[in-house]
Amino acid sequence: MEPVLIKKQDIEQDSDKTDEIASSCDSSYSSNSTMSELVKSHNKLRRQGSRSSVLANAIQQRRQSKQDHGSTWIQHKKHFFILSSAGKPIWTRYGDESRISSLMGVIQAIISFFQDGDDTIKSIHAGNHTFVFLLKDPLYFVAVSRTGESDGQLRDQLLYLHNQILSVLTSVQLTRIFEQRVNFDLRRLLGGTEVFLDSLATLFNNDHSFMLSALQCLRLSRSIRDQAGAILSDGRVKDLLYAMVVAKGRLVTLLRPRKHSLHPSDLHLLFNMLTGSTTFHTAESWTPLCLPKFNSQGFLHAYICYIERDISIVMISTSKDSFFELSEWKTTMVEAMKKKNVLENVLKASDELYTTEDVGVPALLHFMYKAKSHVQFTSPAFSGPYENDSDRKRLYRLYQHVYDRMHARTRVLKLYYHHSEHEIMLGWITSSFELYVVFGPATPKAVLIASSNQLLRWIKKNEDSLFILNSPVF
Amino acid sequence: MTTQSLHEESQSANKDDGLHAPMLGKTSPMLSYFCVYNPSLGPTEENTKDQILYYTAKRVVPADVKMKQVGLAQALVKFTSAFSPSKPTQNVHTQKNRMIFLQPEPGFWMYMCVELGILRRQIRDAKGKEKLVTEYLDTQLSDRALESVLKIGYEQFKLLHGTFSYILYQDDEDISGLPSRQRTRSLMHCIEEFFSEWIWKWDFDRLDTMVFSAVFNGVPVQPILRTNYLKVHELDRALHERFNQSIDHVLVFDSDEGGLLYRSPSLNIRDVCALRKYVFKRIEKSIAREKEISGLKFFTKSISQSHFLGFFTSSLSTKTTAPVTSAPVSAVGSQTSLPDLLDTAEAAPEIEADANPDTMDINPKNGKYLTGLVQSTSVDMNGDERTVTRIEMAQVYLSSRSALDTSPDKPHNSTYGHSKDDEDEILTEYYLVIYKHKANIVWSFLLPSFSQEAEDLLADQKFYSMLEKYMVEEQNLNGITEAIVSNVRSAQEKSNSLGKHYKCFYYDNATLNMKSTMVNQQGRIISKYQNDGKFVGGIPMTNDMLLQLLDLKEDFERLPRTTEIYTRSIANYWIAGHRLYNTVLTRDRKNEDIKDTKDKPANDTETSTEETDNVPKASETTSTSEASDQENSNDKKNGDNRGEDKGCSFEEHFSRSSIDSVRTKSIEDYTEIYLVAAKKDTSLADVEETLNRMTTSLVDAMHLE
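All of these numbers come straight from a predicted model, not from anything done at the bench.

### Points about the interface of chain B and chain A
Interfaces are often sized by the accessible area lost when the parts come together.
Argument step 1. Tallying the contact residues gives 56 residues for chain B and 53 residues for chain A.
Argument step 2. Between chain B and chain A lies a buried interface of about 5,000 Å² when both sides are counted; carbon and sulfur atoms form 58% of it.
Argument step 3. There are six salt bridges connecting chain B and chain A.
Argument step 4. Residue B:Lys96 pairs with A:Asp118 through a salt bridge whose shortest N-O separation is 3.0 Å.
Argument step 5. Among the elements of the structure, α1 (2-12), α2 (63-81), β4 (91-94), β5 (97-105), α16 (543-558), β21 (562-569) and α22 (684-702) of chain B are those that each provide at least two residues to the side of chain B that touches chain A.
Argument step 6. Taken together, the residues of the side of chain B that touches chain A break down into 19 nonpolar, 22 polar and 15 charged.

Written as structure tokens, this is what we have:
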């Protein structure tokens, strides 16, 4: 019988051979990690190149001076850097790790200057740029951004990046590696998992669940959700911790032990793995995984399989030998889901997300509603003016802004009304919910309040399809 | 992630080892060190210390530590410039400190480090064990407020000494080489002379002072009747003629309330803003001196000499609590008035007033001069009074040009307020003569220093009495003053009830006008702005409220074209802000008024106010602001008409002289109104209604006619 969790001592035994772990990591993200360095850097460049904020500049600059290549990356709106406390580059969102050593050296020097004075640097502001530092020895995390996100929001994002690294290595391994060799090049160990750091960094700009610290569920009729839950609960294999069905990054249903709820932060990391790489789309996967909020010191094992396009089953086990059992069980579940038309309905629901038009509140343009007790939020698909890319981006940042202003630690607000030429946003926080609602710029305040109340009634009425009210437990 | 960041915070809060048994409770943020440096002054390894032009710290700091701090500052600036080449480092937050940077001129950096306030508490951990938690109060310090402090510090320095680079290079064409030792030393001396006193005066816990004197760095205007305005304007013109154009600009303040009553149209509003602070500092100094003298007289007569010395020290501490209404700069600190007194007494050559009957004519009778030829009463050791006259010249540097300046038009910033690069700014040196009329109306005269004629006038004792005599006897100064004083009084009585739970604040970024309406005992708002920016009466403005207000200001700056923000805190107070872009708030009313109320007696203002109190006016204002876009096109026409209209109100004249040249279509051209409501059950609708009502009442307050 394998241990339930890989405890500290267990890791100590096999982590002397760190390279072995690295290679085992490699094998778990098959296609991606076997790529040559060349292909990887090509992919990275392609990814960066597709980001419109810099492309035009990049082309222009390339024309201007051909030898100057490689400096345009710095013009991106938001950077993340991870370095070791010895100043070695580990990962950068843009640019090439091997070429930024001098910049990392400067960062390391600045951080240690403050440390020498028994102080810690937290952030720098320069014009529209914000620089945020997060020190998690033996690693340093730095964000450089001109997106208007607050210090706190950027710090939270750095924490996610930190958790992502822990999910690959565990805190125990990480500490030991650097205890043994201060100058260790961690890139070797991350082997291929950088792609998840990349996708996390992108996801921060597209998904409010990180900021809200809540889960977004697929809107689905209660009966279908219950059916899916029942199928998951039925015939559970031993050592199973969690099992879930996910459609397009939205949770359909989750099976969990009575005593262990799953922390949203861990789930977000998991969702990022699902969407961040195409690796899992093609085959069944079995990978060691640390869920930092669950236990940052040990590995769990994740079974991931796409059962339909956009729909996946994820199962977390405490045993590293459960793969075949889980795989078998998955086949049974898929059959059951097909038989009861569950799969078809979930697919339909994920293809046709609801919009504000379905809500039927006049002048309503968009909203986000977080049910505090369920740690879940719901938000309609973008429609109307927000089908436009630049308007949607502005709305995204506005949500972030309003959220931040209302949650500033020392000056928490109950209500925040913001009127600009494009839209009105009202943030409203009570003990049970947080509502962020968007109306056209000409909406009078009285209408705004009435419509918000109307929206709250609609949400209440549709509560059981918008949220998972009672997930199956064992 | 909120919980997570909370966790973060508590982790970062240091656990004290208890060795020093630190005190429980809260300490205030305080200045750790402040310096001025320019990296180009010490480009090589050997002379890096030459970069530092000024350094002051809480405690004695060895030279190498100073160099380290300045070196770090430069490293931070260099690091951020890789990502943000155009906008350099503004501030750095650390666990225990806040660093603030300002580059007022290319290459010159003002840099200060403030130790955060600390809160030490005893808490019980999960096991019920008591432990001491230290929390650094980072969020209590506003970056914007601290940066503004440096900005007005530089503003005042520049007013009194000119720019850093001018002192260092004067008119040198080539500024690439190192400046001469002598000039460097004189710059260092100027900086030290000004900042050594100034920078330590700030209490970083007094956010109200910082907000209403530095963040909103404006000039409260005290509106007066058009007829009175024109009388002052006539007097301004007459003075100009009478003294062969040597009196270039004139400024008139109400020294009780601090409001601007008049400025020569030729005077740049930014200059007025800087001058106002300085003039009020001089006024306060003179009041303080009078107090010293009367105290001295009393004490020297009754006690021995050894006690007499003791009096100086004790009077220092009493001064701190004296409720002096004063200019912001000097209101904050307190310990320095006495050294000032001694300084100036030493520096200025004293002229004993003779018993000669001629001198009786020299002495001003209707007021006194605070700069120029100054008279003061001094008390000798025997307690006998005698009058001392001495020359106390005040020189100021302004961007407003002199009419006597015949040099060809250099590139000149007429839209100075919006211009980002002040480096090409050309400053003119003036002598400032401050005359305080007995009715507490303060006149400031600016004479160009390059003019020999002006110089001769100022050196001549007769000039001062002549000036007063001319104003009083030939221009009816006393009559004008009386009219103005009654004007001011009626403006204060004129009030509009917002209810006692509201406070408001108004700021115009183009005209720099500002106003705060407060609640008096009767629950009626009055349009009044106290010199030192303090709110008095009504609901107290806590630092939290002010920080929330600054957050709103920040939001207006950060999110383009934001027009309205309402916030409600968990403590249930509302803070609402409204920003109007490029809109002359009062246009419609103004035009009506000009037709209807020509030469209306001042008494009638009371009744006309009553009329405007009712609701339809409020809604009218709302629609005005909402339809602003549409009206922008009309604006031009109105402006043209206005130019021809000779009989114009104060505000009208203001528009012509300043607003029209300052108002651009720029995003910087805006007006902000803030409302604070501190009543529990106030609704969003209440706040909206009050904000509209307040806007109307402000419009009224600004227009007496």
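### Focus: the UniProt feature "domain: FUZ/MON1/HPS1 third Longin" (unreviewed entry) in chain A
Argument step 1. Under the feature "domain: FUZ/MON1/HPS1 third Longin" (unreviewed entry), the UniProt entry names residues 364-463 of chain A.
Argument step 2. Between the end C-alpha atoms of residues 364-463 of chain A there is a gap of 19 Å, over a span that is 37% helix and 32% strand.

### Section: the UniProt feature "domain: FUZ/MON1/HPS1 first Longin" (unreviewed entry) in chain A
Argument step 1. When the UniProt feature table is mapped to this numbering, "domain: FUZ/MON1/HPS1 first Longin" (unreviewed entry) covers residues 78-200 of chain A.
Argument step 2. The span residues 78-200 of chain A shows a helical share of 46% and a strand share of 26%, and its end C-alpha atoms are spaced 13 Å apart.

### Considering the UniProt feature "domain: CCZ1/INTU/HSP4 first Longin" (unreviewed entry) in chain B
Argument step 1. Look at the UniProt record and you will see "domain: CCZ1/INTU/HSP4 first Longin" (unreviewed entry) annotated at residues 31-162 of chain B.
Argument step 2. Taken end to end, residues 31-162 of chain B comprises 29% helix and 36% strand; its first and last C-alpha atoms sit 26 Å apart.

### Here's the deal with the sheet that holds strand β9 (residues 285-289) of chain A
Residues and elements named next belong to chain A.
Argument step 1. One open sheet holds the five strands; their spatial order is β8-β7-β11-β10-β9, and the pairing between them is antiparallel. Either end of the sheet is taken by a strand with one partner, and the two such strands are β8 (250-255) and β9. Strand-to-strand twist of the sheet, defined as the mean angle between neighbouring strand axes without regard to direction, takes the value 20 degrees.
Argument step 2. As defined by bridge partners, strand β10 (residues 300-308) adjoins strand β11 (residues 311-317) across seven bridges and the pair is classed as antiparallel. From the neighbouring strand, Ala-302 faces β11, where its bridge partner is Ile-316.
Argument step 3. Where helix α13 (residues 264-276) meets the sheet, its contacts fall on β7 (240-247), β8, β9, β10 and β11, and the angle it forms with β7 comes to roughly 55 degrees.

### Some details on a negative patch on the surface
All names here are of chain B.
Argument step 1. Together, Glu-453, Glu-455, Asp-456 and Asp-460 make up a negatively charged patch on the protein surface.
Argument step 2. Along the chain, Asp-460 falls in the loop between α13 (452-459) and α14 (461-474).
Argument step 3. A residue is classified by how much of its surface remains accessible, and Asp-460, at 34% relative accessible area, is partly exposed.

### What to know about the pairing of β4(B)
Argument step 1. Along β4(B), one buried face is formed by B:Asn91 and B:His93 and the opposite face, lined by B:Val92 and B:Thr94, is buried too.
Argument step 2. In this sheet, β4(B) lies alongside strand β3 (residues 121-126) of chain A in antiparallel orientation, the contact comprising four bridges. Within β4(B), the residue paired with A:His125 across the bridge is B:Asn91.
Argument step 3. With three bridges connecting them, β4(B) and β5(B) associate as antiparallel partners. The partner of B:Asn91 across the bridge, within β5(B), is B:Ile100.
Argument step 4. Counted between consecutive antiparallel strands, the loop separating β4(B) from β5(B) contains two residues.

### A look at the state of the cysteines
Argument step 1. Under the defined criterion, the tally for this structure stands at zero disulfides over all chains.
Argument step 2. Its sulfur unpaired, B:Cys35 is 9.6 Å from the next cysteine sulfur, which belongs to B:Cys113.

### What to know about the nonpolar core
Argument step 1. Within the largest apolar cluster, 105 residues are counted, with the highest numbers of intra-cluster contacts made by B:Phe34 and B:Met112.
Argument step 2. One finds A:Ile124, A:Ala126, B:Val70 and B:Val77 within the second-largest nonpolar core, a separate group that totals 40 residues.

### Let's talk about the confidence of the model for chain B
Residues and elements named next belong to chain B.
Argument step 1. On average, chain B scores 71 in pLDDT, and the residues at 70 or more come to 64%.
Argument step 2. Mean pLDDT values for the elements of chain B range from 32 in helix α18 (residues 605-612) up to 96 in β4.
Argument step 3. Across residues 1-19, where pLDDT falls below 50, the model places 34 contacts with residues more than four positions away in sequence or in other chains.
Argument step 4. Contacts from residues 410-423, a stretch scored under 50 in pLDDT, to residues over four places away or in other chains number 23 contacts.
Argument step 5. ipTM for the predicted complex: 0.84, alongside a pTM of 0.79.

### Section: the pattern of salt bridges
Where charged atoms from two side chains of opposite charge approach closely, those side chains can pair.
Residue and element names in this part refer to chain B.
Argument step 1. Taken as a whole and judged by the stated rule, the model has 37 salt bridges over all chains.
Argument step 2. A salt bridge links Arg-144 to Glu-554; its shortest N-O distance comes to 3.1 Å. In this pair, Arg-144 sits in helix α3 (residues 143-161) while Glu-554 sits in helix α16, placing the two residues 410 residues apart along the sequence.
Argument step 3. Note on Arg-144: relative accessible area 21%, which makes it partly exposed.
Argument step 4. Take Glu-554: its relative accessible area is 29%, and that puts it in the partly exposed class.
Argument step 5. The partner of Lys-277 in a salt bridge is Glu-155, and the shortest N-O contact between them spans 2.6 Å. Placement of Lys-277 in helix α8 (residues 269-302) and of Glu-155 in helix α3 is noted, with a sequence separation of 122 residues between them.

Definitions and limits used
- Residues numbered from 1 in each chain as written.
- Chains lettered and ligands numbered in written order.
- Predicted model: local features only at pLDDT ≥ 70, side-chain atom pairs only at ≥ 80, totals over all residues.
- Heavy atoms only, no water.
- Contact = heavy atoms within 4.5 Å.
- Buried area = accessible area lost by both parts, 1.4 Å probe.
- Salt bridge = Lys/Arg side-chain N within 4 Å of Asp/Glu carboxyl O.
- Helix = DSSP H or I, 4+ residues; strand = E, 2+ residues; numbered from the N terminus.
- Nonpolar A, V, L, I, M, F, W, Y, C, P; charged D, E, K, R; others polar.
- UniProt positions renumbered as here; feature names shortened; annotations may be inferred.
- Pairing = 2+ DSSP bridges.
- Axes fitted to C-alpha atoms, helices over the stretch in contact; angles between N-to-C directions.
- Patch = residues over 30% accessible without salt bridge, like charges linked within 9 Å, V, L, I, M, F, W, Y side chains within 5 Å.
- Areas by Shrake-Rupley, 256 points an atom, 1.4 Å probe, with all protein chains shown as cover.
- Lys, Arg positive; Asp, Glu negative; His and termini not counted.
- Charge placed at Lys NZ, Arg CZ, Asp CG, Glu CD.
- Buried < 20%, exposed > 50% of the residue type's maximum accessible area, 1.4 Å probe, protein only.
- Disulfide = S-S within 2.5 Å.
- Core = buried A, V, L, I, M, F, W, Y, C linked by side-chain atoms within 4.5 Å.
- pLDDT = per-residue confidence, 0-100.

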